[in-house]
Amino acid sequence: MDFKDILLKMGVWDDKAHNKSEMTYRFANGSWVEFFSTDNEQKFRGRKRDILFVNEANELSFIEWQQLKMRTTKYTILDYNPSFSDEHWICSVNADPRTYHFISTYKDNPFLEQSIVEEIESLKHKNKSLWQVYGLGLQAVVEGLIFKDVVLVDDIPAYVRKRWRGMDFGYSNDPTAIVTVGVDGDNLYIDEVAYNTQMLSGDIIRTLKAQEEQLEVVAESADPRLMQEIYRAGINIHPVKKFSGSVNAGIQKMLQYKLHITKRSTNIIKEQKNYTYRQDKEGKWLNEPIDAYNHAMDAVRYVVMQKLLGGERKPLDKRKIASMAY
């Protein structure tokens, strides 16, 4: 949680002030902060508050914004990445003379790791519209999206029998992404299971075992030791079979399906809205995806490559696991 990380860095975090079950944090002066997700309509009609802070406000509808605003007695702060057209409701809010509107960029955030700064600055040469949004903080419609037409659903339908899990490993700055992938005819369903940094093998194992349905896992194969630890814990996990051009091949196969993403999969939705093709210095589009906003999408692609592209599953050989090279 960013809130906790920042307070820790400031040296003012108090574990006793944090109520995990109520998702609240109380300060010594009596003030308190409540955290809640907007994936449930009832949460928009919850208790009143003095000040409302909305993260990723551009993901809300106008009606949802109005419900929250009506239950706020003092003022509201919206933060968002301006990746939308002039028809978005935030534009009318910004045009209201009562609104104080200002632009901040990654340069104003002292808590960003250097690797994230470098990733943002690399957008200058990857995608101009992404650089305009994330580098300069200027409004733009993201161009060059790989997966344009996506349907948001509540759940993967129960009748979808073909299901697997995909996993892309991360740790310090990149998250470990775990997804459930279901296929029914020409429809491909995606549901977010985990999207967290600092996940050790034990955390991954507990997350996978906590799922109601135990499925075969297709994972990135760059860390044989981690794969072995998960395998020994009783998880049916297999490394994806990569080959020259496999990234584009996997993406092209995914594009043959109608993508359905569950509404609760906030990180996958964010990736879908920002995962684009590269541009060269002249602005020409290349048939090559950017290496950003792709952790969950890579996890999906591993499943597609292994299960839908004709990839042959290779059982995990305990004798050879230490010498696996990818």
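Everything below is about the structure printed above this text.
What you see is a predicted model, and the numbers here were worked out from it, not measured in a lab.

## Some words on the environment of Thr276
- Within the secondary structure, Thr276 sits in the loop between helix 9 (266–272) and strand 13 (277–279).
- With 177 residues separating them in the primary sequence, Thr276 and Thr99 have C-alpha atoms 32 Å apart.
- Dropping the residues within four chain positions of it, Thr276 is found in contact with Asn127, Leu130, Val142, Glu143, Gly144, Leu145, Ile146, Pro289 and Ile290.
- Within polar-contact distance, the side chain of Thr276 engages the side chain of Asn127 at 2.9 Å.

## Re the sheet that holds strand 2 (residues 24–26)
- Read across the open sheet, the 3 strands follow the order 1-2-3; overall the sheet is antiparallel. Sheet topology places strand 1 (18–19) and strand 3 (32–34) at the edges, where each strand pairs with a single neighbour.
- By the bridge criterion, 3 bridges tie strand 2 to strand 3 in an arrangement that is antiparallel. From the neighbouring strand, Arg26 faces strand 3, where its bridge partner is Trp32.

## Considerations on the packing of aromatic side chains
- For the structure on display, the rule yields 11 aromatic pairs.
- Grouped by ring-pair contacts, the aromatic residues Phe3, Trp13, Tyr25, Phe27 and Phe35 constitute a single cluster.

## Description of the packing of helix 6 (residues 201–209) against helix 7 (residues 224–232)
- The N-to-C vectors of helix 6 and helix 7 enclose an angle of 40°; their axes lie 10 Å apart at closest approach. Relative to helix 7, helix 6 is oriented oblique. Considering only the axes of helix 6 and helix 7, their crossing is right-handed. Contacts from Ser201, Ile204, Ile205 and Leu208 in helix 6 reach Leu226, Glu229 and Ile230 in helix 7.
- In the contact of helix 6 with helix 7, the residues fall into 5 nonpolar, 1 polar and 1 charged.

## Some words on unusual backbone geometry
- If you check the backbone angles, Met23 has positive phi at about 55° while not being a glycine.
- Among the structural elements, Met23 can be located in the loop between strand 1 and strand 2.
- A relative accessible area of 35% places Met23 in the partly exposed class.

## Things to note about the pairing of strand 14 (residues 285–289)
- Pairing of strand 13 with strand 14, which is carried by 2 bridges, proceeds in the antiparallel orientation. Bridge assignment links Tyr277 to a residue of strand 14, and that residue is Pro289.
- The antiparallel hairpin formed by strand 13 and strand 14 contains 5 residues in its connecting segment, where Gly283 sits at a positive phi of about 90°.

## Quick look at the pairing of strand 7 (residues 162–168)
- For strand 7, the tally of buried residues reaches 6 of 7 residues, placing the bulk of the element in the interior.
- The pairing of strand 7 with strand 8 (residues 176–184) spans 7 bridges and is antiparallel. Within strand 8, the residue paired with Met167 across the bridge is Ile178.
- In the sheet, strand 7 pairs with strand 10 (residues 217–219) via 3 bridges, with the strands oriented parallel. Each residue of the ladder has a partner; that of Arg165, found in strand 10, is Val217.

Reading the values: rules and limits
Residues numbered from 1 in each chain as written. Predicted model: local features only at pLDDT ≥ 70, side-chain atom pairs only at ≥ 80, totals over all residues. Heavy atoms only, no water. Helix = DSSP H or I, 4+ residues; strand = E, 2+ residues; numbered from the N terminus. Contact = heavy atoms within 4.5 Å. Polar contact = N/O pair within 3.5 Å; in protein donor to acceptor, adjacent residues only side chain to side chain. Pairing = 2+ DSSP bridges. Phe/Tyr/Trp six-rings, centres within 6.5 Å; stacked < 30°, edge-to-face > 60°. Axes fitted to C-alpha atoms, helices over the stretch in contact; angles between N-to-C directions. Parallel < 35°, antiparallel > 145°, perpendicular 65-115°, else oblique. Left-handed = near helix turned anticlockwise from the far one by under 90°. Nonpolar A, V, L, I, M, F, W, Y, C, P; charged D, E, K, R; others polar. Buried < 20%, exposed > 50% of the residue type's maximum accessible area, 1.4 Å probe, protein only.

In short, the description is geometric, and any link to function would need to be established separately.
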